[in-house]
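One-letter residues, chain by chain:
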Amino acid sequence: MENRKLISQAVRYALAAGVAASVTGIPLAASAAPAPLPQPATASGAQTLGTIEVTGSRIKRTDVETAQPVLQIDRQTIENTGIQNVGQLLQTITSAGAALNTVFNNGGNGNTNVDLRYLGAQRVLVLVDGHRIPTGLNGTVNLNIVPIAIVDHIEVLQDGASAIYGSDAISGVVNIITRKDFNGATASAYYGKWNGQGSWDGATQEFDFSIGTSNDHSGVFFSSQYFKQEPLSAGDRDYASTPFAGLGNIGGSSGTPQGRFIFIAPGSVAPVSAPIDPKTGKPADGPLGTGLIQPDPNVTPLGGLTSAQCPTTDFGSDKLGHYYVPYCDLTLKTGATGTSAADFRPFTANDAYNFAPINYLLTPLEVTSLYVAGHYDLAPNLTFQSNVMYSHQVSQQHLAATPLFITPGSIQGNIPASKTPFGFDLNTTQPGGGYQIPNLFLIGRREIGAGPRIANEERSAYSFEGGFVGNFLLGNHEWDWDASYVFGRGVTQSHSTGLFNTQNLLYAIDGCPDQAVVPASGLDCVPYNMFNGAANVTPAQAAYATYLETSLGSIDQRIYDANITTSDLFDLPAGGLGLAVGYEYREQNGEFLPSAIDIEGNSSSFPTVNVQPTSGRYNVNSAYAELNIPLLANLPGARLVSLDLANRWFKYDTFGSGSAGRAGLKWQPFHDLLLRATWSEGFRAPSISNLFGGQLANFPAVSDPCNGGGTTAIEQTNCAGVPASYNQPNAQIREIVGGNPDLQPETSISRSAGFVYSPGWMPGLSVNLDYYKIELENTIQAVGEQNLLNFCYTATARSFCDRITRSATGVLTRVLDTATNIGGTLTEGFDGGIQYKFPSTGFGDFTGKLNSTYVQRYDLFFPTATGGRTATHVAGTGGAGNGFGNGIPHYKTNLEVDWAYGGFNAALIGHYVSHQTEACGKAGHTPLSQFGVCTYPTDNKNNIGAATWWDIQVGYDFAAANTSLTFGVINL
């Protein structure tokens, strides 16, 4: 894929500087101290500390350490990174995999997601203050809509939590906690640039203003933020300016300004009769039709072509013997006009087009955000609270000019002899019958004159939350409750230029034979010569043959929920029994309307594919119950032992009912040590795209197992009804892909076990280590057309046969390959962390934090035709996983050291990513092992070395002016 670059390369030769100024009535929060371990209840059952709610549990409690591991990113840590985008911040944590962000340059992007455990952004639940925010049609959250200025801290639950929060919480939960009880005003400004190869570019700027006031009875908080990131082109960095760093055009595109033309020319030897097909006993057409069969290996091409241009190639088969044909792979000579065969020469690897320089390495992004929150006490135990969040985002992607590929599987057509410099037809369509195939395999042209492909996206997102919070006493026990309504809406508009209307294009290639026929564009047809690369497309041709691609998508979300909880329902010998119950009704509806040209199947983006609109909705009713049961307390070896139990019941109007449970155990044998373990069920309901995505057609090449009535005994039995004389007339079979309303939810089992140790003999030290294991089943994905055919005809236990359509004569006509529940994933590993606040010294105060994730195993499973399933082990490899697919390193580590002395402060942050093994090259391209750049040339594999980089920033607080200044460098 020509628009993909290794994200890891983007950190090389990069430097950013930031300056921040603030005027505030409250101090910034200090870096969080080690979390206190759970304390047992007093003999009377009363708690000595105020209760809080921690992500992963609805029961308010006195301790912040739960049975499930939670990573907290406080405000000071956020500011120490110098990152001004919530999504990019979350992508730096060690358990996060690669996800969409502003270094992904592809049309229709503009999002920033978070992926935990490399399981995909659609399997992470994102909350703001414990409530869902609008997702895209695919179920992922664009984190650009959350301004970083409103964030107090972020809690990342690194465990499954469907029993508490419902769908999507398979790999974890990200809960963004906003600022509250804000008094005063702050204003800040940030400016940074990247540096490389002697230039400063890719500027980032951020400005925000926040103001608030609060008292014992009410409060209001307002924040506005403006974020802008300028683009950075791949051509501005040597490592990104070619398809493969340092290899020039290697890996480049066949779509070139001079054109690439692959076809079979007729030969000078007279046609011969077709041989006898050994299966049918009847004459069989050769692979090119009777008129083109050549029995002589010394055949000479016609049409003014020479044997040097079109060397003889054997196109025979085991069935039909040897058939020698002139095989032409040509490009236009420099300066030639393309009017005769002599103007063309053989295509070489050096003729490939280097598409990389014009692509974005860093895409532009502009986000304006507004946030208002307030609360008012209606009574001593009743509060009304609400918030409104709005964001407007503009983004762009920039790709090299459109490559036009006329092939049997892409833009199909017949170019008559009068329109070619060779004097014979070039045909991509199937003549039909036997083994005949087209003589035109490829015409590849890069239309520089039509300009680059530019995708402009404009996104608006709005959310409102309003509700009541209260408490009451029942007996001697306090109950907390809340009820709220949440509404969210997201709208996306996309406009892309530089794309071709293939219907108009083919008409122009044909020489505009009937000018009385006025296409829908209303523009005059201008004849277009595919063979004159020197002239390229003119402005008049581009105006007729290109179009403005537009699309519109929207999604609405409504949630009604209510919760009630108490930390002491009644007293047990070891403390109060905690209980939380709640109900939620959620509905979601969305649509996507593609361009009319896309719907008609006339777009160069989706050649011959009719892109259908998406429209659908679903709703879910769910209820949950959670218990926190103290089992033992204040005993030798059992200072505290408690059991957490939870279950959620749900009913979707799309697939039906189900439930998900969770169990967690905490054991504090003595004051300094906490042991914990969890087991939980998870599920992910199909998204609107999964369920209702508009179906469209592809035409992949497949082999029909029923050719000749089948080869094996199992195939012959399963192919009953298909004539024994049948031979697949067309290799490219219509495949229907898209949404599937019959999908069931993905399911998972998560396990974790670990400890937290805060030794009393070393105050300020906290150590944690947790093991995790996640098994994902019923993965929602397409099966693949060839797999569907194999599953139906080559296996004893047949499946998916109802997705295959044949004509009355047995000819394979259509395969339905919409998304289904198939396959699975297993991943396991460890998360560890150390935090230490050093004793104060004469040189200031120091704090050190280290977090690390080790992926021990990551296996992908897919069923086989024989009823078993294959396992692919991808831990430690590049381009793998269920997520963005940019690799799964075994180790990732972040180290942070903070220092404060008087008004001075500094932070040093180190990042480490272990090595990975990747394929050395791209599918369909020449292996790179021949160029001496692969670590393991025999296997065509390459080793990506481990990477370490450091960020640093220093600052000073001017107390008298209530202002701070900070300077930082990313990748020092």
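The structure presented is a predicted model; accordingly, all values stated were derived computationally and were not measured. (Residues numbered from 1 in each chain as written. Predicted model: local features only at pLDDT ≥ 70, side-chain atom pairs only at ≥ 80, totals over all residues. Heavy atoms only, no water.)

**Looking at the packing of aromatic side chains**
Within the structure shown, the criterion is met by 28 aromatic pairs. Where Trp-899 meets Tyr-901, the ring centres are 6.3 Å apart and the plane angle is 15 degrees; that geometry is what we call stacked. Here the aromatic cluster, defined as three or more aromatic residues joined through ring pairs, consists of Phe-261, Phe-263, Phe-344, Phe-422, Phe-424 and Phe-531. Across from the ring centre of Phe-861, 4.1 Å away, lies the NZ or CZ of Arg-869, which sits over that ring. (Phe/Tyr/Trp six-rings, centres within 6.5 Å; stacked < 30°, edge-to-face > 60°. Lys NZ or Arg CZ within 6 Å of the ring centre and 35° of its normal.)

**Re the confidence of the model for the protein**
Looking at the protein as a whole, its pLDDT mean stands at 85, while 86% of the residues score no less than 70. A low-confidence stretch, residues 1-49 stays under pLDDT 50, and its non-local contacts, those more than four residues away or across chains, total 145 contacts. Predicted confidence for residues 276-294 stays below pLDDT 50, and this span has 57 contacts to residues more than four positions away or in other chains. (pLDDT = per-residue confidence, 0-100. Contact = heavy atoms within 4.5 Å.)

**Regarding the side chain of Asp-561**
Along the polypeptide, Asp-561 turns up in strand S25 (residues 546-566). Arg-58 is the oppositely charged side chain nearest to the buried, salt-bridge-free Asp-561, at an N-O distance of 5.1 Å. A polar contact is formed between the side chain of Asp-561 and the side chain of Ser-484, at a distance of 2.5 Å. (Helix = DSSP H or I, 4+ residues; strand = E, 2+ residues; numbered from the N terminus. Buried < 20%, exposed > 50% of the residue type's maximum accessible area, 1.4 Å probe, protein only. Lys, Arg positive; Asp, Glu negative; His and termini not counted. Salt bridge = Lys/Arg side-chain N within 4 Å of Asp/Glu carboxyl O. Polar contact = N/O pair within 3.5 Å; in protein donor to acceptor, adjacent residues only side chain to side chain.)

**Points about the sheet that holds strand S33 (residues 696-698)**
Pairing is mixed across the open sheet formed by four strands, whose spatial order is S33-S34-S39-S38. On the outer flanks of this sheet lie S33 and strand S38 (804-806), each paired with one strand and no other. Looking at each pair of strands side by side, their axes are set apart by 25 degrees on average, direction ignored. As defined by bridge partners, strand S34 (residues 734-737) adjoins strand S39 (residues 812-816) across three bridges and the pair is classed as parallel. Bridging from a neighbouring strand, Glu-735 pairs with Val-815 of S39. (Pairing = 2+ DSSP bridges. Axes fitted to C-alpha atoms, helices over the stretch in contact; angles between N-to-C directions.)

**A look at the pairing of strand S32 (residues 673-684)**
Two faces, one strand: in a regular strand the side chains alternate between the faces of the sheet. Sheet topology places strand S31 (residues 656-670) next to S32; seven bridges connect them, and they run antiparallel. Within S32, the residue paired with Lys-666 across the bridge is Arg-676. Hairpin connection from S31 to S32: two residues lie between these consecutive antiparallel strands. Looking at chain direction, S32 and strand S35 (residues 746-757) are connected through twelve bridges and run antiparallel. Bridging from a neighbouring strand, Thr-678 pairs with Ser-752 of S35.

**Some details on helix H4 (residues 502-509)**
Most of H4 is tucked away: six of the eight residues are buried. Listed in full, the buried residues belonging to H4 are Thr-502, Asn-504, Leu-505, Tyr-507, Ala-508 and Ile-509. In this structure, the buried residues of H4 make contact with strand S19 (403-406), strand S20 (414-415), strand S24 (477-500) and helix H5 (539-545). Between the side-chain oxygen at the start of H4 and the backbone nitrogen of Gln-503 there is a gap of 3.1 Å, and the oxygen is on Asn-501.

**Structural notes on the sheet that holds strand S6 (residues 151-157)**
The sheet built from five strands is open, its strands ordered S1-S6-S7-S4-S5 with mixed pairing. Among the strands making up the open sheet, the edge pair consists of strand S1 (70-74) and strand S5 (131-132). In this structure, S6 lies alongside strand S7 (residues 172-178), joined through six bridges in antiparallel fashion. Note that in S7 the partner of Val-151 across the bridge is Thr-178.

**Description of the pattern of salt bridges**
The full count for this structure, using the stated rule, is 25 salt bridges. For the salt bridge of Arg-132 with Asp-168, the shortest nitrogen-to-oxygen distance reads 3.4 Å. Of this pair, Arg-132 sits in strand S5 while Asp-168 sits in the loop between helix H3 (162-165) and S7, and the two are 36 residues apart along the sequence. Of the two residues, Arg-132 and Asp-168, neither departs from the other in class, the shared state being buried. The partner of Asp-201 in a salt bridge is Arg-237, with the nearest N and O atoms 2.8 Å apart. Within this pair, whereas Asp-201 is found in strand S9 (residues 199-214), its partner Arg-237 is found in the loop between strand S11 (232-233) and strand S12 (260-264), the two being separated by 36 residues in sequence. A relative accessible area of 2% means that Arg-237 is categorised as buried.

**Details of unusual backbone geometry**
Look at Tyr-118: it is not a glycine, yet its phi comes out positive at around 65 degrees. For Tyr-118, the position within the fold is in the loop between strand S3 (115-116) and strand S4 (124-128). Unlike most non-glycine residues, Phe-800 shows phi in positive territory, near 70 degrees.

**Brief notes about the state of the cysteines**
For the coordinates displayed, the defined rule picks out five disulfides. What pairs with Cys-512 in a disulfide is Cys-525, and their sulfur atoms sit 1.9 Å apart. Judged by the torsion about the S-S bond (-70 degrees), the Cys-512/Cys-525 disulfide is left-handed. Linking Cys-512 in the loop between H4 and H5 with Cys-525 in the loop between H4 and H5, this pair joins segments that are 13 residues apart in sequence. Cys-525 carries the same exposure label as Cys-512, and that label is buried. Through a disulfide, Cys-706 is tied to Cys-719; the S-S separation comes to 1.9 Å. (Disulfide = S-S within 2.5 Å.)

**Section: the environment of Thr-809**
With respect to the secondary-structure elements, Thr-809 resides in the loop between S38 and S39. Residues Thr-809 and Val-722, 87 residues apart in the sequence, show an inter-C-alpha distance of 7.2 Å.

**Here we look at a nonpolar patch on the surface**
Where nonpolar side chains cluster on the molecular surface, the patch consists of Val-897, Leu-908, Trp-950, Ile-952, Val-954, Phe-967 and Leu-972 and spans about 590 Å² of accessible area. Top contributing element to the nonpolar patch by residue count: strand S48 (residues 947-958), with three residues. Within the element layout of this structure, Leu-908 appears in strand S45 (residues 904-913). Using a relative accessible area of 31% as the deciding quantity, one classes Leu-908 as partly exposed. (Patch = residues over 30% accessible without salt bridge, like charges linked within 9 Å, V, L, I, M, F, W, Y side chains within 5 Å. Areas by Shrake-Rupley, 256 points an atom, 1.4 Å probe, with all protein chains shown as cover.)

**Comments concerning empty space enclosed by the protein**
Counted according to the given criterion, the structure contains ten cavities of 30 Å³ or more. Space inside the second largest cavity adds up to approximately 210 Å³. Residue lining of the second largest cavity: 25 residues in total, with Thr-135, Gly-139, Asp-168, Gln-588 and Tyr-618 positioned closest to the centre. Mapped onto the lining of the second largest cavity, the elements with two or more residues apiece are S4, S25 and strand S28 (578-593). Here the residues of the lining of the second largest cavity sort into twelve nonpolar, nine polar and four charged. (1 Å grid on protein atoms, 1.4 Å probe; cavity = no way out; pocket = protein on both sides within 12 Å on 5 of 7 lines; lining within 4 Å. Points joined across faces, edges and corners; volume = space filled by probe spheres on them. Nonpolar A, V, L, I, M, F, W, Y, C, P; charged D, E, K, R; others polar.)

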